[in-house]
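Fold and geometry: a report
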Amino acid sequence: MELRGFISVGLRWRSFHGLRQQLGALLVLLCVVNMVGGQIRYSIPEEMKKGSVIGNVAQDLGLDVRRLRSGRARIVTGENIQYTELKTDKGLLVVNERIDREQLCGDVTPCSFSFEMILENPIELHQITIEVLDINDHAPVFEDVSKALTFEISEAAAIGTEFPLQSADDLDVGQNTLKEYVLSPNDNFVLKQQTTSDGSKYVKMVLQKQLDRERQAHFTLKLIAVDGGTPQRSGSVNIDVTVLDANDNVPIFNQTVYKASVMENILKGTSIVTVNATDNDSGSYGLLSYSLSKMKGGAVDMFDIEEKTGTISVSGQIDYEKERKYELRVVAKDQGGLIGTSKVVIDIIDVNDNSPTINVMSFQNPISEDSHPGTTIAVFNIKDSDSAEHGQIKCSVDRNFPFKIESSMRDYYNLVTDQFFDREQQADYNITVTASDLGNPPLATSKILHLKISDVNDNPPVFDKNKYSAFIAENNSPGVSIFAVSARDSDLNQNARISYILEDTEVSGAPVSTFVSLNSESGVISAVRTFDYEQIKELHLTVKAQDGGSPPLSSNVTVKILIQDQNDNPPQVLYPVQTGGSLVAEMVPRSADVGYLVTKVVAVDVDSGQNAWLSYKLQRATDRPLFEVGLQNGEIRTIRQVTDKDAVKQRLSVTVEDNGQPSRSATVIVNVAVADSFPEVMSEFTDFTQDKEYNDNLTFYLVLALAVVSFLFITCLVVIISVKIYRWRQSRVLYHSNLPVIPYYPPRYSDTLGTGTLQHVYNYEVCRTTDSRKSDMKFMPPMSDSLVSVDGADADDPRVEKDMSGNFSQMSTLVSREFMIISNLA
């Protein structure tokens, strides 16, 4: 009978093992994708090989594979082990490390772990949950299979007496976990199986037939634990039963369940609860000892029980975050081997002993200064392992900075901008992000982020002044530097690189570039040509400063360049006018009083300022001082009475000098005639000898005039003779004809008393000019009593005029006679 039971168990094991590979292949196909509310959930079996595909993330999220690469997609987990890997080139999520559900979750179902996939530019956050499905990869295991379970049972034990057996552990969950216990076939004992509130199973061995020590003093049984997986797995332990003499009362606890609560930071050795059991037997059968039965998980290392008193105390470090409740099974055993059991439930009370942890998932640094409010700068994952209010997190940032915290999803927070930036006012920020829980007292953690603001070309160049003025002396050398403009730009790098540009304007109708040039880098303005103050006195330029941004910004400024005058022009005398062939003389009567105004020298200087301030000086006089000239006004006046000793002709040399450095001057000759009458002046100023060239020219013109008159006379004579011959021939024809003769009279012909035929008197005048040596002379009436114009500066021979008058009179008489002869012949 016992042998047949073992064979049956072995056959079932072989059937389980044959189906194991089929189950693994089937579970690989159970990967299911769920996308709810922006989250993706995959279900995969545990123990998948490294590199196995979990799912197509790009397809399931509706993303392009290129977006994964450009956004530098990556997965971020808070665990030390990264179980998955993202293949950005294909958008696939694959297994990176061996996934053991039992190691990951223990007996918690369902078992899952979550992580985040982050993309940048722009920042996107997707949560991915992986549910790990259990496979039957663990067999039920007893604590120490090498040691048999030993029981000493009195032969007087009543039927129905229960003997608790050691429970087996199966790390699998669900249907793969421990399903039932099987006891090897025997006649005296059967199994009684029970399930606790937490789903764990424990078993008791129940006496169903009275023992008889004398018949059989020892039993060897096998307890087999079988799970519900396919194929099934099992584990076994041996049971040794020794039959004792009678002890017919079992220990009984005063409570079926003991409950206690402790703080998670309780000290080791602290007593928690005391259990109590009684045994109605007397003697050694009434003495009880307490012990803790095999406990699930790590409870065996956390608690101890005093064997004699039943006091349970803490022996390990209790951590609420690891285990929130412990269930202990207490055994009371008498000396006769009878056992009583009870359960102790210990609840762990959470203490705020964990500070929040801040993990930076993504940080965009630097950020452009033109970023709009609401731009995400960083993404944080903040967790607190505590529970209730101890695990509730409040995240904050310094209010003095233009940032705020927004919650995006569970345990995730975004650091976003709250207003526009201005890099020129503040180029970077040290942002302190603080996460605190709601415990009492609260615990907090801080994270400092150094954020830099990148520059945007939002500031045009600014000149140092609103307008510039510069000076340059005329007669400068081309290429000389005049002035330098300077501008500054608050931006950075290329946006602050300034170029100077000379705007296209005109100065006196010519492009400004023909006057000055501008260095585009230094802003130095240089002269292109030599300036002349008398032609141009100032230049108005427009200079533009332009930065190197995109698009570039610029600003203009006006530059006024004033040409400074230099004394480069001598004074110019306007009066008296200096001519090459005639002299102008001012006449002063001998009766003139002291201070008599003779004339005024008028001069100008085209320079300006003190270079045009003129002063007059009398350099030389022909006699002892009779005249003086005004230093500032150039007026020539007498300084004493005129005497008989003073010469008629006075020659004054007046120097006009400007006030420049060095000074320039001009000299003018003023001729003054000291006389009371015009003939006296003429006798003094017309006595001169004509040069040979003048006489030769005069003779030439007289001969030429005589030749012309002779030619005209001969021509007229020929014409008159021709007319006479023609008329004579006509008269001869009429004389021999019968026609009446009509006398013919030439025009304007009249016979008045036989006195001649000329009805008009032909008169000729010969005039002499004042300033012509190549024509007839003409005497003009004087313009004023004090001004005389003479031909020649030193004419001392009055006979020339008389000879010339006689010559002209004779030539006039000759011409008159010739015209009278021509008229009579006509």
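Here goes a summary of the coordinates provided. Bear in mind that the values here come from a model prediction, so they are computed numbers and not experimental data.

**Some thoughts on the sheet that holds strand S21 (residues 303–305)**
With antiparallel pairing, three strands are arranged side by side in an open sheet as S18-S22-S21. One side of each edge strand has no neighbouring strand; the edge strands of this open sheet are strand S18 (271–274) and S21. Neighbour to neighbour, the strand axes of the sheet diverge by 25° on average, direction disregarded. In terms of strand pairing, S18 meets strand S22 (residues 311–314) through three bridges, oriented antiparallel.

**Description of the pairing of strand S6 (residues 92–95)**
The sheet contact formed by strand S3 (residues 53–56) and S6 spans three bridges and is antiparallel. In the sheet register, Val 53 faces S6, and the bridge partner there is Val 94. As consecutive antiparallel partners, strand S5 (residues 84–87) and S6 are separated by four residues, and within that stretch Gly 91 has a phi angle of approximately 80°, a positive value.

**Quick notes on the state of the cysteines**
Applying the stated rule across the entire model yields one disulfide. Cys 105 shares a disulfide with Cys 111; S-S distance 1.9 Å. Handedness here is read from the sign of the S-S torsion; for Cys 105 and Cys 111, about 70°, the answer is right-handed. Residue classification places Cys 105 among the buried positions, given a relative accessible area of 16%.

**Regarding the environment of Val 456**
Examined against the element boundaries, Val 456 turns out to sit in the loop between strand S32 (444–454) and strand S33 (462–463). For Val 456 and Leu 492, which are 36 residues apart along the polypeptide, the C-alpha to C-alpha distance reads 8.2 Å. In contact with Val 456, not counting residues within four places along its chain, are Ser 368, Glu 369, Asp 370, Asp 491 and Asn 495.

**Description of the pairing of strand S23 (residues 325–334)**
When you tally the buried positions in S23, you get seven out of 10 residues, the bulk of the element. Bridge analysis of strand S20 (residues 288–292) against S23 gives five bridges, and the strand direction is antiparallel. Its bridge partner lying in S23, Leu 292 is registered against Val 330. Across nine bridges, the pairing between S23 and strand S24 (residues 339–349) is antiparallel. By the bridge assignment for S24, Tyr 326 is matched with Ile 346.

**Examining the pattern of salt bridges**
Evaluated as defined, the whole model comprises 19 salt bridges. Ionic pairing is found between Asp 100 and Arg 98, a salt bridge with its closest N-O pair at 3.3 Å. Look at Asp 100 and you get buried, because its relative accessible area is 11%. We classify Arg 98 as partly exposed; its relative accessible area is 48%. Ionic pairing is found between Glu 102 and Arg 101, a salt bridge with its closest N-O pair at 3.4 Å. Note on accessibility: Glu 102 and Arg 101 belong to one class, buried.

**Things to note about the packing of aromatic side chains**
Under the counting rule described, the total for this entry stands at 15 aromatic pairs. The interplanar angle of 75° and the centroid separation of 6.3 Å between the aromatic rings of Phe 163 and Phe 189 together place this pair among those described as edge-to-face. With Phe 163 in strand S10 (residues 162–164) and Phe 189 in strand S12 (residues 189–195), the pair connects residues that are 26 residues apart, well separated along the chain. Assigned by exposure class, Phe 163 and Phe 189 land together as buried. By way of ring pairs, the aromatic residues Phe 151, Phe 163, Phe 189 and Phe 219 are connected into one cluster. When the ring centre of Tyr 202 is taken as origin, the NZ or CZ atom of Arg 329, which lies over that ring, is 4.3 Å away. Here Arg 529 stacks its cationic end above the ring of Phe 515, 4.2 Å away from the centre of that ring.

**Focus: the nonpolar core**
With 28 residues, the main nonpolar core has Val 516, Val 543 and Ile 561 as its most contacted residues. Apart from residues no more than four positions distant in its own chain, Ile 561 is found in contact with Ala 470, Ile 472, Ile 482, Val 516, Ile 525, Lys 537, Glu 538, Leu 539 and Leu 541.

**A few points about the side chain of Arg 67**
As for its position among the elements, Arg 67 is in helix H3 (residues 65–70). Within the structure, Arg 67 has its side chain in polar contact with the backbone oxygen of Glu 120 (distance 3.0 Å). Those residues in contact with Arg 67 that lie beyond four places of it in its chain are Leu 119, Glu 120, Asn 121, Pro 122 and Glu 124.

**As for unusual backbone geometry**
For the bond running from Asn 365 to Pro 366, omega is 0°, close enough to zero to count as cis. On the secondary structure map, Pro 366 appears in the loop between strand S25 (357–363) and strand S26 (367–368). Residues Tyr 575 and Pro 576 are joined by a peptide bond in cis, for which omega reads 0°. The phi torsion at Arg 72 lies on the positive side, around 50°, for a residue other than glycine. Here Arg 72 is to be found in the loop between H3 and strand S4 (74–76). One non-glycine residue, Asn 475, lies in positive phi territory at about 65°. Looking at the secondary structure, you find Asn 475 in the loop between strand S34 (467–473) and strand S35 (481–484).

**Quick word on the side chain of Asp 170**
Along the polypeptide, Asp 170 turns up in the loop between S10 and strand S11 (178–183). Arg 101 provides the closest opposite charge to the buried, salt-bridge-free Asp 170, at an N-O distance of 7.5 Å. A polar contact of 3.0 Å, which involves the side chain of Asp 170, links it to the backbone nitrogen of Asp 172. A polar atom in the side chain of Asp 170 sits 3.5 Å from the backbone nitrogen of Leu 178. If near-sequence neighbours (up to four positions away) are discounted, Asp 170 is found in contact with His 138, Ala 139, Pro 140, Asn 176, Thr 177, Leu 178 and Asp 227.

**Re the sheet that holds S10**
Spatially, three strands are ordered S10-S13-S12 in an open sheet, and the strand pairing comes out antiparallel. A single partner strand is all that each edge strand has here, and the edge strands are S10 and S12. Pairwise comparison of adjacent strand axes, ignoring direction, gives a mean angle of 30° for this sheet. The sheet contact formed by S10 and strand S13 (residues 201–207) spans three bridges and is antiparallel.

About the cut-offs
- Sequence order as written defines residue numbering, which begins from 1 separately in each chain.
- In keeping with the model being predicted, local features are shown solely for residues with a pLDDT of at least 70 and side-chain atom pairs are shown and tallied solely at 80 or more, while totals for entire chains, interfaces and linings include all residues.
- The side-chain figures draw on all heavy atoms in the structure; neither hydrogens nor water molecules are used.
- Criterion used throughout: strands pair if DSSP finds at least two bridges between them.
- Numbering goes from the N terminus for both helices and strands, where a helix is a DSSP run of H or I of at least four residues and a strand is a run of E of at least two.
- Lines fitted to C-alpha atoms define the axes, with helix axes restricted to the stretch in contact, and inter-axis angles between N-to-C directions lie between 0 and 180 degrees.
- A pair of cysteine sulfur atoms is labelled a disulfide when the two atoms are within 2.5 Å.
- Burial status follows relative accessibility: with a 1.4 Å probe on protein chains alone, a residue under 20% of its type maximum counts as buried, one over 50% as exposed, and anything between as partly exposed.
- Residues count as neighbours in contact if any of their non-hydrogen atoms are within 4.5 Å of one another.
- Counted as salt bridges are all cases of a side-chain nitrogen of Lys or Arg within 4 Å of a carboxyl oxygen of Asp or Glu.
- Here a Phe, Tyr or Trp ring, Trp counted by its six-membered ring, pairs with any other such ring whose centre lies within 6.5 Å, and the pair is stacked when the planes are under 30 degrees apart, edge-to-face when over 60, and tilted otherwise.
- Cation placement over rings: the criterion is NZ of Lys or CZ of Arg within 6 Å of the ring centroid and within 35° of the ring normal.
- Throughout, nonpolar core names a set of buried Ala, Val, Leu, Ile, Met, Phe, Trp, Tyr and Cys residues whose side chains join them through atoms within 4.5 Å.
- Here a polar contact means two N or O atoms within 3.5 Å. Within protein one must be a hydrogen donor candidate and the other an acceptor candidate, and residues neighboring in sequence count only if both atoms are side-chain atoms.
- This count recognises Lys and Arg as positive and Asp and Glu as negative, with His and chain-terminal groups excluded.

The quantities given are spatial measurements derived from coordinates; they are silent on function.
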